[in-house]
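# Remarks on the overall topology
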Amino acid sequence: MANKTGVYICSGCEIGEATNVEELQQVALKEFRVPVCKTHPILCSEEGVNLLKGDLENEGLDRLVLGACSGRYHEDTFDFGKEVVVERAPLREYVSWTQPHQEEDTQMLAADYIRMHTTAVQMKQLATPFEQNTEEALLVVGGGVTGMTSALESAKAGYAVHLVEKEDRLGGFARKLHRRTPSRSPFELTESPDLDELIREVESHPKITLHMSSTIASIAGAPGDFSVRLNVNNGNEKSLRAGAVVLASGGKPYDASRLTHLGIAHDNVITSVEFEQMAASGKIVRKDGQEANSVVFIQCAGSRDPDHLPYCSSFCCTVSLKQAGYVREAGADKKAYVIYRDMITPGQYENFYRARQNDPGIFLTKGDVSGVHENPDKTVTVDVDNSLLGEKVAIAADLVVLAIGIEASTRDDPILNLQYRQGPGLPDQKYGFPDSHFICFPYETRRTGIFTAGAVHQPMDMNFSRKDAAGAALKAIQTIELTRQGKTVHPRVGDETFPVFRLDQCTQCKRCTEECPFGVLEEDERGTPSIQEARCRGCGVCMGACPVRIISFKDYSVDIIGDMIKSIEIPDEFEEKPRILIFACENDTVPAFDMMALERIRYSPYVRIIPLRCLGGVNLVWVSDALSVGFDGVMFMGCKYGDDYQCHFMKGSELANVRLSKVEETLSRLQLEPERIRQYEVSMNDYKQVAKLIETFASDIDDYGPNPFKGM
Amino acid sequence: MAENKGLILVVGGGISGITTALEAAETGYEVILIETRPSLGGRVAGFHQYFPKLCPPTCGVEINYQRLRRNRRVQVHTNTQVGEISGEAGNFTVKLVKSPAYVNNKCVMCDKCTPVCPAEVPSDHDYGMRNTKAIHLPHRMAYPPRFVVERAHCPSGCDKCVSACPYGAIDLNMESREFEVNPASIVMATGWRPYDATRLERMQFGALPNVISNVMMERLAATDGPTAGKINRPSDGKKVETVVFVQCAGSRDQDHLPYCSSICCLASLKQANYVRTANPDARVFIFYIDIRTPGKFEAFYSRTREDKNIEFIKGKVARVEPGQDGRVIVEAEDILRGGKVRVEVDLVVLATGMESNLKTQGINGDIVHLDEDGFASAHLQQPGIFAAGVAQGPVDVNSSIQEATGVALKAIQAAVGE
């Protein structure tokens, strides 16, 4: 690469009023000897862009530093193609909109950003394309309604699908259904399960290959290149390749044998699953074969209960309303009672609830079931407290149905049997469901190219499963398409860089292989990591974890950041101008700083901000670098971690927190206050608080006094 | 992969429209995303936090905007509406009308214009709880990041903003333009409006300033809202010490919206948390019929129930009356304990439901079919027409995004001509 840099300083957006732009030019020209350094009054204008284009061609530049607005603006304006590296120095957001104009500290701040970004741009390299013989076919695991829908929707979009089903028939749980809860307006009537039509479509679609009576023996590889081995008919093996995987293995009904407090041991107390099968087979009867004239449905049986399933399975109310209808269909004299805690029929299911409420033979009441007793004639009496029918009521019935919830099928069985160093299953995020726990990105999992759909993804009903199936299929197809182009997926969609390892210096400490949130790295017998590029999301956790610093990206490395730190001018302690380094996660913190700028919120001129892809990429050597050049304090600002994490790489900021806690000891040994290094959880909403956080930190730094290593 | 034959038109730039557009574009398809307002972001851009994580909507919207900026396959047109649709799957003809924003792409958001603008306009984004100038930034998550002029409110002949703008970004003579596109499939992601609470007799919305709706409460709590995030009484700015949430306000009601909007219980729990976080002494009363927190939302409900200052009372609110010193009296039935309850509080929040924009605004031509509740149910549509988000049914954000992702696949199928 030519490595010819042009530095351009925009004097618009008050940068010209806030700073002496000619002096900033001198920093670039004299200190860095860049071949070209110009200023322009409005760099984003057509004229400004033409200047850049002209210089790129005439001066043979291949990299630009733009001292102008934040990189979150005008990305397309300043896009000159893949061969040109564009580095943005936010002189607007970090200087002219947030600092007093024409002051010495403001000028020093701007000059440092020119230094930092000119240093960085000269070290960045273009990405090397990642190539792979991408397999386009999808693997869908599970031939129930969800799996069949994922397969069919993918096939209709033109993709081949391998559909693997452990039984010898398609249909899964839906085969047990008598009828379906309403899926279409007016949402008042139950519907035929419609399974045969779906099965017929799946069986006859030319792009779907069925693998019946098969389970997954193993899956190895990476997106675009998964090697799958199937165990067929408990003995034979089959191999196939897939580009992405949709796990649609369904839910498991809760083990009702544990519901002794609800009388499960009695003859005429059964589960909602058994009741559905009974209705499907024709007659609703007691265990002794007599017709059941009255049925009590007990909601939340083993759900919303800390002793059983703490969550709600979301479909049990509508299912019981459906099943109450079965009771009524058997005869006008038949009665159904539904005892609920809350009637969860959200959205247009409300219309279904209203229709059932209008049925004179269905009694619905809120209440707490305090006992379920078998009578001598084998009828069952249910005691209900705090009901709408009275404080304490006892309802005697022929049959009691416990509306049970579900668990993910992956709870006790990894199913996918991933041949990944980090383990065979999908790390689950909450309640045993491998769900992303993001509001905005529901399909993310910690295994790239592998998605979940249906009841294994989240507790959901069959109607929603079909929609979820299409969503997961889309993400699987998208992964194949992006991987085929050598690009990474969410959140750094389109990034073409991936970590490169200088393995000759590897000490086999295994930190990278263990910490990678996505299980990207495999390991040989000695413990040397091997990267499966297509699995990588580009977070840089491995880069941060490596104690010998052998991991880097073409445009993001320990050295680039380290040199940025070292390029900053640190005044000696007599000038009484402390220096605070802020590492800012680009996902939430950098935008928060931009929002502060929009509102012209001011903060200390002593801070220097370095953006990171993720705090998980923090390498502790940067802390030593910062302290040894003389920074008085370092703030790490990134996304929330813990149970309700926000970190877009799921584990990044949490890992940073663990890593940074190890720094305390080192700092104490150096007689430095450990509180000079602090991590903060900053969300975009917190932008008004950030200035206060900086103010408090700066005040504490003042109390500690200057870094004793300054000027050494 | 089947040869990419067609274009996808997504109508509506809220969270669902943005999702469908992005997911299709990143899979390799060309998309046109239109939005009637000056900015993308829809309703969620005005929310303070999402349930159950109490996380900021800006976080996900920011990543989506980044994906939009980097993906050259999505053409975004704000201030744009559908004029007319004709044709069929694989080959629709859609006339689009782009209204002028009066600000062009030279705008850098320097904000030299608002100080000189003489005209004030009630802020749409803040549900009329404060005014902006006629020239203003739609909101902090504005996409495109530029100001816009409410031209109808400009005093005749005024062009002070034009003179103040150093970048030549304002053109008060900008005109509407019409253009035509030929998508293979169309996704209606037109979202919702809050049910008009003035139609709720005896709730005094519109009559008493301290009776607000749930969307207004979100703006009160938002850091960029009319009170910079302080939950104060609209009447006098006094800190709110007591609040009543009225669930199912105009929902599950044959006289108003017969269906349940599925998010109002969760939204009230979330907002009760806002009040309690802002004021550890505050007391909250939630009058409900059923508390609907399905699936994993249950944990949010149990956690909120642990707060002894939040009281849940099963019963419909019968009426709202003015009380002393700006307070509001709420009378409701107490079904479980029997009898009536009367409380006098600083603020009443009506948990109103969502009404589909398609129901109230409609689309030219008999192209999109609505069910009795005004939703574009999937099974009612002709091939090539799809709906995502609340346009197809009342759902929470997480579910909307799941559905919108699946709808992208359906739209792609029409684009490849299957």
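Note on numbering: residues in each chain are counted from 1, in written sequence order. Chains and ligands are labelled sequentially in the order written, the chains with letters from A and the ligands with numbers from 1. Where local features are concerned, this predicted model is filtered to residues with pLDDT of at least 70; where side-chain atom pairs are given and counted, the filter is 80 or more; whole-chain, interface and lining totals use all residues. The basis for every side-chain value is the complete set of non-hydrogen atoms in the structure, without hydrogens or water.

## A few points about the overall build of chain A
Filter applied, for reference: Put simply, DSSP H or I for four residues or longer makes a helix, DSSP E for two residues or longer makes a strand, and each gets a number counted from the N terminus. Under the scheme applied here, a residue whose accessible area is under 20% of the maximum for its type counts as buried, over 50% as exposed, and between as partly exposed, the area being computed with a 1.4 Å probe on protein chains only. Pairs of residues are marked as contacts when any of their non-hydrogen atoms sit within 4.5 Å. Calculation of accessible area relied on Shrake-Rupley with a 1.4 Å probe; when residues are assessed, cover is drawn exclusively from the protein chains displayed.
A count of helices and strands for chain A gives 19 helices and 30 strands. Evaluated residue by residue, chain A yields a buried proportion of 64% over its 712 residues. Counted over contacts in chain A with a minimum sequence separation of 6, partners at least 24 positions apart contribute 70%. On chain A, roughly 25,900 Å² of surface is accessible, and the fraction owed to carbon and sulfur atoms is 46%.

## Re the nonpolar core
Generally speaking, soluble globular proteins have nonpolar side chains that are buried together. Rule in force here: Residues grouped as a nonpolar core are buried Ala, Val, Leu, Ile, Met, Phe, Trp, Tyr and Cys residues, joined through side-chain atoms within 4.5 Å.
In this structure, A:Phe583, A:Phe593, A:Trp622, B:Ile8 and B:Phe287 are the most contacted members of the largest nonpolar core, which totals 233 residues. At eleven residues, helix α8 (residues 397-416) of chain B tops the list of elements feeding residues into this core. For A:Phe593, the contacting residues outside a window of four places in its chain are A:Tyr94, A:Ile582, A:Tyr603, A:Ile609, A:Met637, A:Val690 and A:Ile694. Counting 46 residues, the second largest nonpolar core, distinct from the first, contains A:Ile216, A:Ala242, A:Tyr337 and A:Val400.

## Some thoughts on the sheet that holds strand β16 (residues 310-314) of chain B
Residue and element names in this part refer to chain B. We apply this condition: At least two bridges found by DSSP between two strands is the condition for calling them paired. Axis lines are fitted to C-alpha atoms, over the contacting stretch for helices. Their N-to-C directions set the angle, which ranges from 0 to 180 degrees.
Across the sheet, five strands lie side by side as β13-β20-β14-β15-β16; this open sheet has parallel pairing. Two strands lie at the open edges of the sheet, namely β13 (211-213) and β16, each paired on one side alone. Ignoring strand direction, the axes of neighbouring strands in this sheet form an average angle of 20°. Looking at chain direction, strand β14 (residues 242-249) and strand β15 (residues 283-288) are connected through five bridges and run parallel. Across the sheet, Thr242 pairs through a bridge with Arg283, a residue of β15. Running over the sheet, helix α4 (residues 214-221) touches β13, β14 and β20 (347-352) and is turned about 95° from β13.

## Here we look at the domain arrangement of chain A
All names here are of chain A. Applicable threshold: Annotation comment: domain bounds sourced from an automatic or database domain assignment. The term buried area refers to how much accessible surface (probe radius 1.4 Å) is lost by two components on association, counted for both of them together. Within this document, salt bridges are pairs made up of a side-chain nitrogen of Lys or Arg and a carboxyl oxygen of Asp or Glu, the two lying within 4 Å of each other. Polar contacts, as counted here, are pairs of nitrogen or oxygen atoms within 3.5 Å of one another; within protein the pair requires one atom able to donate a hydrogen and one able to accept it, and residues that are adjacent in sequence qualify only if both atoms are side-chain atoms. By the convention adopted, Pro, Cys, Tyr, Trp, Phe, Met, Ile, Leu, Val and Ala count as nonpolar, Lys, Arg, Asp and Glu as charged, and the other residues, Gly among them, as polar.
With domains assigned, chain A is organised as domain 1 (1-126), domain 2 (138-252 + 408-484), domain 3 (255-404), domain 4 (500-552) and domain 5 (556-712). The distance between the C-alpha centroids of domain 4 and domain 5 comes to 25 Å. Summing both partners gives a buried area of about 1,300 Å² for domain 4 against domain 5, and 65% of it is carried by carbon and sulfur. The three residues of domain 4 that bury the most area against domain 5 are Cys539, Met543 and Arg549, which together make up 38% of that side's buried surface. Along the contact surface separating domain 4 from domain 5 lie one salt bridge. For Glu515, the salt bridge is made with Arg659, and the minimal N-O distance between the two is 2.7 Å. At the junction of domain 4 with domain 5, the criterion picks out six residue pairs in polar contact (both at pLDDT 80 or more). Secondary structure elements with two or more residues in the side of domain 4 that touches domain 5: α13 (541-545) and β26 (551-552). Of the residues in the side of domain 4 that touches domain 5, the class split is eight nonpolar, four polar and three charged.

## Considering a nonpolar patch on the surface
For clarity, the cut-off: For patch detection, residues must exceed 30% relative accessible area and be free of salt bridges, and they are connected within 9 Å for like charges or within 5 Å for nonpolar side chains (Val, Leu, Ile, Met, Phe, Trp, Tyr).
A cluster of nonpolar residues, A:Leu388, B:Ile335 and B:Leu336, forms a patch on the protein surface that exposes about 230 Å² of accessible area. Mapped onto the secondary structure, B:Ile335 falls in the loop between β18 (328-333) and β19 (340-345). Residue B:Ile335 is classed as partly exposed on the basis of its relative accessible area, which comes to 37%.

## Details of the interface of chain A and chain B
Listed as interface residues are 91 residues of chain A and, on the opposing side, 86 residues of chain B. Across the chain A/chain B interface, buried area totals approximately 7,300 Å², and carbon plus sulfur atoms make up 54% of it. At the junction of chain A with chain B, the criterion picks out twelve salt bridges. Here A:Glu75 ties to B:Arg69 by a salt bridge, and the two come within 2.9 Å at their closest N and O atoms. Here chain A and chain B share 42 residue pairs in polar contact (both at pLDDT 80 or more) between them. Counting only elements with at least two residues in the side of chain A that touches chain B, the list comes to α6 (145-156), α10 (349-357), α11 (462-484), α15 (589-598) and α19 (687-704) of chain A. No other element matches the 13 residues that α11(A) contributes to the side of chain A that touches chain B.

## Here we look at the sheet that holds strand β7 (residues 208-211) of chain A
Sheet strands line up and pair through hydrogen bonds in the backbone, either parallel or antiparallel. Residue and element names in this part refer to chain A. Overall, parallel pairing links the five strands, which are arranged β7-β6-β5-β11-β22 in an open sheet. At either end of the open sheet lies a strand with only one pairing partner, and these are β7 and β22 (450-452). The mean inter-strand angle of the sheet, taken between neighbouring strand axes irrespective of direction, is 20°. Pairing analysis gives four bridges linking strand β6 (residues 161-164) to β7, with the strands arranged parallel. Considered in β7, the bridge of His162 is made with Thr209. In this fold α6 packs onto β5 (138-141), β6, β7 and β11 (244-247), with an angle of close to 170° to the strand it touches most, β6.

## Structural notes on α15(A)
The buried count for α15(A) comes to ten of ten residues, which makes it a mostly enclosed element. Of all the residues in α15(A), the buried ones are A:Thr589, A:Val590, A:Pro591, A:Ala592, A:Phe593, A:Asp594, A:Met595, A:Met596, A:Ala597 and A:Leu598. On the buried face of α15(A), the contacting elements are α4 (92-96), β27 (580-585), β28 (607-612), β29 (633-638) and α19 of chain A together with α2 (57-70) of chain B. A positive backbone phi angle near 55° is found at A:Arg600, which sits one or two residues after α15(A).

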